[in-house]
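The lines below spell out each chain.
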Amino acid sequence: MKNKALIALAVAAFALLFATSPYVANAAGLITGAQIKNNTVTGADVKESTLATVPSAGTLAPLRSGHTESGAFAVGGAKDAAPADYIGWGITYPQRLAKPIPDSHIIDTEASPQPTLCPGAGRAARGYLCLYFYDHHNIGTAYGYSDDSDPSSPYTKSALHGSVGVGIYDEVTDTGPYADGVWTVTAP
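Since this is a predicted model, take the numbers as computed values, not measurements.

Examining the overall build of the protein
Okay, step 1: Helix and strand counts for the protein stand at two helices and seven strands.
Okay, step 2: Listed by position from the N terminus, the elements making up the protein come as α-α-β-β-β-β-β-β-β.
Okay, step 3: Counting over 188 residues, the protein shows a buried share of 29%.
Okay, step 4: Taking the contacts inside the protein whose residues are at least 6 apart along the sequence as the reference set, 78% of them involve residues at least 24 apart.
Okay, step 5: Accessible surface, the protein as shown: approximately 12200 Å² in total, 58% of it carbon and sulfur.

Structure (C-alpha coordinates):
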(Lines give C-alpha, C1' and ligand atoms only; values in the text may rest on other atoms or scores of the structure.)
Protein backbone atom coordinates (compact mmCIF):
# COMPACT_ATOMS: atom_id res chain seq x y z
CA MET A 1 0.00 0.00 0.00
CA LYS A 2 2.89 2.29 0.85
CA ASN A 3 4.41 1.71 -2.61
CA LYS A 4 1.11 2.56 -4.33
CA ALA A 5 0.87 5.81 -2.35
CA LEU A 6 4.46 6.73 -3.30
CA ILE A 7 3.78 5.94 -6.96
CA ALA A 8 0.59 8.03 -6.92
CA LEU A 9 2.48 10.90 -5.25
CA ALA A 10 5.29 10.64 -7.83
CA VAL A 11 2.79 10.64 -10.72
CA ALA A 12 1.01 13.71 -9.26
CA ALA A 13 4.33 15.52 -8.80
CA PHE A 14 5.38 14.68 -12.35
CA ALA A 15 2.01 15.89 -13.72
CA LEU A 16 2.33 19.16 -11.77
CA LEU A 17 5.91 19.62 -12.98
CA PHE A 18 4.88 18.81 -16.57
CA ALA A 19 1.89 21.21 -16.52
CA THR A 20 3.87 24.11 -15.07
CA SER A 21 6.99 23.62 -17.19
CA PRO A 22 7.83 26.69 -19.30
CA TYR A 23 8.67 24.35 -22.18
CA VAL A 24 5.18 22.90 -22.15
CA ALA A 25 3.57 26.32 -21.68
CA ASN A 26 5.41 27.69 -24.73
CA ALA A 27 4.99 24.61 -26.94
CA ALA A 28 1.88 25.97 -28.64
CA GLY A 29 3.84 28.95 -29.96
CA LEU A 30 6.89 26.98 -31.11
CA ILE A 31 5.52 25.80 -34.44
CA THR A 32 4.05 28.28 -36.88
CA GLY A 33 2.51 27.85 -40.32
CA ALA A 34 5.68 29.28 -41.88
CA GLN A 35 7.69 26.38 -40.42
CA ILE A 36 5.47 23.66 -41.87
CA LYS A 37 6.49 22.36 -45.30
CA ASN A 38 3.71 22.72 -47.85
CA ASN A 39 1.55 19.61 -48.41
CA THR A 40 2.88 17.78 -45.33
CA VAL A 41 -0.17 18.25 -43.09
CA THR A 42 -3.17 16.22 -44.21
CA GLY A 43 -6.85 16.49 -43.37
CA ALA A 44 -6.41 13.68 -40.85
CA ASP A 45 -3.93 15.88 -38.96
CA VAL A 46 -6.34 18.79 -38.63
CA LYS A 47 -9.19 18.81 -36.13
CA GLU A 48 -12.47 19.41 -37.90
CA SER A 49 -14.99 21.94 -36.70
CA THR A 50 -18.28 23.16 -38.03
CA LEU A 51 -19.46 26.66 -38.75
CA ALA A 52 -22.99 27.87 -38.31
CA THR A 53 -24.92 28.62 -41.45
CA VAL A 54 -24.69 32.25 -42.50
CA PRO A 55 -28.17 33.76 -42.76
CA SER A 56 -29.24 35.02 -46.16
CA ALA A 57 -29.24 38.79 -46.59
CA GLY A 58 -33.02 38.77 -46.93
CA THR A 59 -33.42 37.51 -43.37
CA LEU A 60 -31.21 40.14 -41.76
CA ALA A 61 -33.13 42.74 -39.78
CA PRO A 62 -32.87 46.35 -40.95
CA LEU A 63 -30.98 48.94 -38.93
CA ARG A 64 -33.24 49.98 -36.07
CA SER A 65 -34.80 53.43 -36.20
CA GLY A 66 -32.50 56.01 -34.61
CA HIS A 67 -29.42 53.79 -34.96
CA THR A 68 -26.42 54.97 -36.95
CA GLU A 69 -23.87 53.42 -39.28
CA SER A 70 -20.94 54.93 -41.18
CA GLY A 71 -18.49 54.09 -43.93
CA ALA A 72 -15.87 55.57 -46.23
CA PHE A 73 -16.32 56.80 -49.80
CA ALA A 74 -14.04 57.82 -52.64
CA VAL A 75 -14.82 59.02 -56.15
CA GLY A 76 -12.77 60.27 -59.06
CA GLY A 77 -13.39 61.31 -62.62
CA ALA A 78 -11.37 61.34 -65.82
CA LYS A 79 -8.39 63.68 -65.83
CA ASP A 80 -9.78 65.41 -68.92
CA ALA A 81 -13.42 65.48 -67.78
CA ALA A 82 -15.05 68.66 -69.02
CA PRO A 83 -17.00 71.05 -66.82
CA ALA A 84 -20.70 70.20 -66.79
CA ASP A 85 -19.93 66.46 -66.98
CA TYR A 86 -21.12 64.37 -64.05
CA ILE A 87 -19.50 61.69 -61.98
CA GLY A 88 -21.60 59.15 -60.13
CA TRP A 89 -20.91 56.85 -57.23
CA GLY A 90 -22.80 54.77 -54.73
CA ILE A 91 -22.97 53.90 -51.07
CA THR A 92 -24.08 50.45 -49.95
CA TYR A 93 -25.20 50.27 -46.33
CA PRO A 94 -23.67 47.51 -44.21
CA GLN A 95 -27.14 46.97 -42.74
CA ARG A 96 -30.14 47.91 -44.86
CA LEU A 97 -32.66 50.53 -43.75
CA ALA A 98 -36.36 49.70 -43.33
CA LYS A 99 -37.25 52.91 -45.21
CA PRO A 100 -35.17 54.92 -47.67
CA ILE A 101 -33.68 58.29 -46.78
CA PRO A 102 -35.62 61.04 -48.59
CA ASP A 103 -33.49 62.54 -51.37
CA SER A 104 -33.80 65.95 -49.70
CA HIS A 105 -32.20 64.48 -46.55
CA ILE A 106 -28.90 63.62 -48.24
CA ILE A 107 -26.58 66.43 -47.13
CA ASP A 108 -23.28 67.44 -48.75
CA THR A 109 -21.62 69.05 -45.71
CA GLU A 110 -18.90 70.62 -47.87
CA ALA A 111 -21.38 72.59 -49.98
CA SER A 112 -24.11 73.04 -47.38
CA PRO A 113 -22.93 72.73 -43.77
CA GLN A 114 -25.86 71.98 -41.48
CA PRO A 115 -24.42 71.36 -38.00
CA THR A 116 -27.76 70.57 -36.38
CA LEU A 117 -28.42 67.77 -38.89
CA CYS A 118 -24.84 66.75 -39.64
CA PRO A 119 -22.73 67.65 -36.57
CA GLY A 120 -19.61 65.69 -37.59
CA ALA A 121 -18.34 62.39 -38.94
CA GLY A 122 -20.06 59.48 -37.27
CA ARG A 123 -23.17 61.52 -36.49
CA ALA A 124 -26.36 62.33 -38.42
CA ALA A 125 -29.85 63.36 -37.41
CA ARG A 126 -32.52 60.66 -37.59
CA GLY A 127 -33.56 60.12 -41.20
CA TYR A 128 -30.49 61.88 -42.68
CA LEU A 129 -27.44 60.80 -44.64
CA CYS A 130 -24.46 63.13 -44.16
CA LEU A 131 -21.48 63.24 -46.52
CA TYR A 132 -18.34 64.48 -44.72
CA PHE A 133 -15.65 65.29 -47.28
CA TYR A 134 -11.91 65.16 -46.52
CA ASP A 135 -10.86 65.92 -50.11
CA HIS A 136 -13.18 67.78 -52.48
CA HIS A 137 -11.50 68.79 -55.73
CA ASN A 138 -13.16 70.15 -58.89
CA ILE A 139 -16.61 68.80 -58.17
CA GLY A 140 -19.84 70.61 -57.38
CA THR A 141 -22.45 69.85 -54.75
CA ALA A 142 -23.18 66.16 -54.28
CA TYR A 143 -26.82 65.14 -54.54
CA GLY A 144 -28.32 61.73 -54.12
CA TYR A 145 -31.12 59.37 -54.99
CA SER A 146 -32.50 57.06 -52.35
CA ASP A 147 -36.29 57.21 -52.38
CA ASP A 148 -36.53 56.94 -56.16
CA SER A 149 -39.90 55.57 -57.25
CA ASP A 150 -38.38 54.13 -60.44
CA PRO A 151 -39.17 50.38 -60.40
CA SER A 152 -35.68 49.61 -61.67
CA SER A 153 -33.93 51.51 -58.83
CA PRO A 154 -31.34 49.25 -57.20
CA TYR A 155 -31.59 51.18 -53.95
CA THR A 156 -35.22 50.73 -52.95
CA LYS A 157 -36.78 48.05 -55.15
CA SER A 158 -34.54 45.14 -54.23
CA ALA A 159 -35.78 41.79 -52.97
CA LEU A 160 -34.57 42.87 -49.53
CA HIS A 161 -37.27 45.56 -49.15
CA GLY A 162 -36.33 48.86 -47.60
CA SER A 163 -33.16 50.63 -48.72
CA VAL A 164 -29.74 49.10 -49.31
CA GLY A 165 -27.94 52.32 -50.24
CA VAL A 166 -27.94 55.51 -52.30
CA GLY A 167 -26.66 56.80 -55.61
CA ILE A 168 -24.68 60.06 -55.49
CA TYR A 169 -23.87 62.41 -58.37
CA ASP A 170 -21.57 65.42 -58.62
CA GLU A 171 -21.17 67.98 -61.39
CA VAL A 172 -17.58 68.26 -62.62
CA THR A 173 -16.33 71.85 -62.32
CA ASP A 174 -12.84 71.36 -63.81
CA THR A 175 -10.42 68.66 -64.93
CA GLY A 176 -9.27 65.91 -62.57
CA PRO A 177 -12.28 65.75 -60.22
CA TYR A 178 -12.03 63.63 -57.06
CA ALA A 179 -13.34 63.47 -53.52
CA ASP A 180 -13.24 61.21 -50.50
CA GLY A 181 -14.52 61.18 -46.97
CA VAL A 182 -16.92 59.49 -44.58
CA TRP A 183 -20.68 59.04 -44.79
CA THR A 184 -23.02 58.59 -41.82
CA VAL A 185 -26.69 57.62 -41.89
CA THR A 186 -29.20 57.39 -39.05
CA ALA A 187 -32.20 55.20 -39.78
CA PRO A 188 -35.56 57.01 -39.97
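That was the structure; now back to the text.
Observations concerning the pairing of strand β1 (residues 68–76)
Okay, step 1: Residue alternation in β1 divides its side chains into a buried set, E69, G71, F73 and V75, and an unburied set, T68, S70, A72, A74 and G76.
Okay, step 2: When β1 meets strand β7 (residues 178–186), the two strands line up antiparallel, connected through nine bridges. Paired with F73 across the strands is G181, a residue of β7.

Comments concerning the side chain of D108
Okay, step 1: As for its placement among the helices and strands, D108 is situated in strand β3 (residues 106–108).
Okay, step 2: For the buried residue D108, which engages in no salt bridge, the nearest side chain bearing the opposite charge is R123, 18 Å off.
Okay, step 3: In terms of polar contacts, D108 uses its side chain to reach the backbone amide nitrogen of E110, at 2.9 Å.
Okay, step 4: A polar side-chain atom of D108 sits 3.0 Å from the main-chain amide nitrogen of A111.
Okay, step 5: Apart from the residues lying within four places of it in its own chain, the contact partners of D108 are P113, L131, F133, H136, G140, T141 and A142.

Quick notes on the confidence of the model for the protein
Okay, step 1: When pLDDT is averaged across the protein, the result is 77; 62% of the residues are at 70 or more.
Okay, step 2: Low confidence marks residues 9–19, where pLDDT is under 50. Its contacts with residues over four positions away, or in another chain, come to one contact.

Digging into the environment of Y178
Okay, step 1: For Y178, the position within the fold is in strand β7.
Okay, step 2: Given a relative accessible area of 38%, Y178 falls into the partly exposed group.
Okay, step 3: Ignoring any residue separated from it by four or fewer positions in sequence, one finds Y178 in contact with V75, G76, D135, H136, H137 and I139.

A closer look at the environment of D135
Okay, step 1: Mapped onto the elements, D135 comes out in strand β4 (residues 129–137).
Okay, step 2: When the C-alpha positions of D135 and D180 are compared, they lie 5.3 Å apart, and in sequence the two are 45 residues distant.
Okay, step 3: Setting aside anything within four residues of it in sequence, one finds D135 in contact with Y178, A179 and D180.

Comments concerning a nonpolar patch on the surface
Okay, step 1: A contiguous nonpolar patch, built from Y86, Y143, Y145 and Y169 and spanning about 400 Å² of accessible area, is present on the exposed surface.
Okay, step 2: Residue Y143 is classed as partly exposed on the basis of its relative accessible area, which comes to 35%.

Some remarks on the sheet that holds strand β6 (residues 163–172)
What links the strands of a sheet is backbone hydrogen bonding, and the strands pair in either a parallel or an antiparallel sense.
Okay, step 1: Pairing within the open sheet is antiparallel, and its three strands lie in the order β2-β6-β5. The outermost strands of the open sheet, each flanked by one partner alone, are β2 (86–97) and β5 (139–145). Here the strands of the sheet are splayed against their neighbours by 25 degrees on average, with no regard to which way each runs.
Okay, step 2: For β2 and β6, the ladder comprises eight bridges, and the chain directions are antiparallel. Counted as the bridge partner of L97 is S163 from β6.

Re the nonpolar core
Okay, step 1: Counting residues in hydrophobic clusters, the biggest one holds 23 residues, and the most contacted among them are I91, Y93, L129, L131, I168 and W183.
Okay, step 2: With five residues, the top contributor of residues to this core is β2.
Okay, step 3: Among residues more than four places away in sequence, those in contact with L129 are I91, Y93, I101, H105, I106, I107, V166, W183, T184 and V185.
Okay, step 4: I107, C118, A125 and C130 belong to the second-largest nonpolar core, a separate cluster that totals eight residues.

Basis of the calculations
Each chain has its residues counted from 1, following the order in which its sequence is written. pLDDT decides what is reported in this predicted model: residues at 70 or higher carry local features, side-chain atom pairs at 80 or more are listed and counted, and totals for whole chains, interfaces and linings draw on all residues regardless. Hydrogen atoms and water are omitted, and side-chain values are computed over all heavy atoms in the structure. Helix and strand assignments follow DSSP, with helices taken as H or I runs no shorter than four residues and strands as E runs no shorter than two, numbered in order from the N terminus. Each residue gets one of three labels from its accessible area relative to the maximum for its type: buried under 20%, exposed over 50%, partly exposed in between, using a 1.4 Å probe on protein chains only. The criterion used for residue contact is that any of the two residues' heavy atoms lie within 4.5 Å. For the area figures, the Shrake-Rupley method with a 1.4 Å probe applies, and any residue is considered shielded solely by the protein chains shown. Being paired, for any two strands, means DSSP has found at least two bridges between them. The positive count covers Lys and Arg only, the negative count covers Asp and Glu only, and His and the chain ends enter neither. We define a salt bridge as a side-chain nitrogen of Lys or Arg found within 4 Å of a carboxyl oxygen belonging to Asp or Glu. N or O atoms closer than or at 3.5 Å make up a polar contact, with two conditions inside protein: a donor-capable atom paired with an acceptor-capable one, and, for residues adjacent in sequence, both atoms drawn from side chains. As a per-residue measure, pLDDT tells how confident the predictor is, with possible values from 0 to 100. Like-charged residues within 9 Å of one another, or nonpolar side chains (Val, Leu, Ile, Met, Phe, Trp, Tyr) within 5 Å, are grouped into patches, provided each residue has over 30% relative accessible area and no salt bridge. Working convention: axes come from line fits to C-alpha atoms, limited for helices to the stretch in contact. Angles between N-to-C directions cover 0 to 180 degrees. To define a nonpolar core, start from buried Ala, Val, Leu, Ile, Met, Phe, Trp, Tyr and Cys residues and group those joined through side-chain atoms within 4.5 Å.

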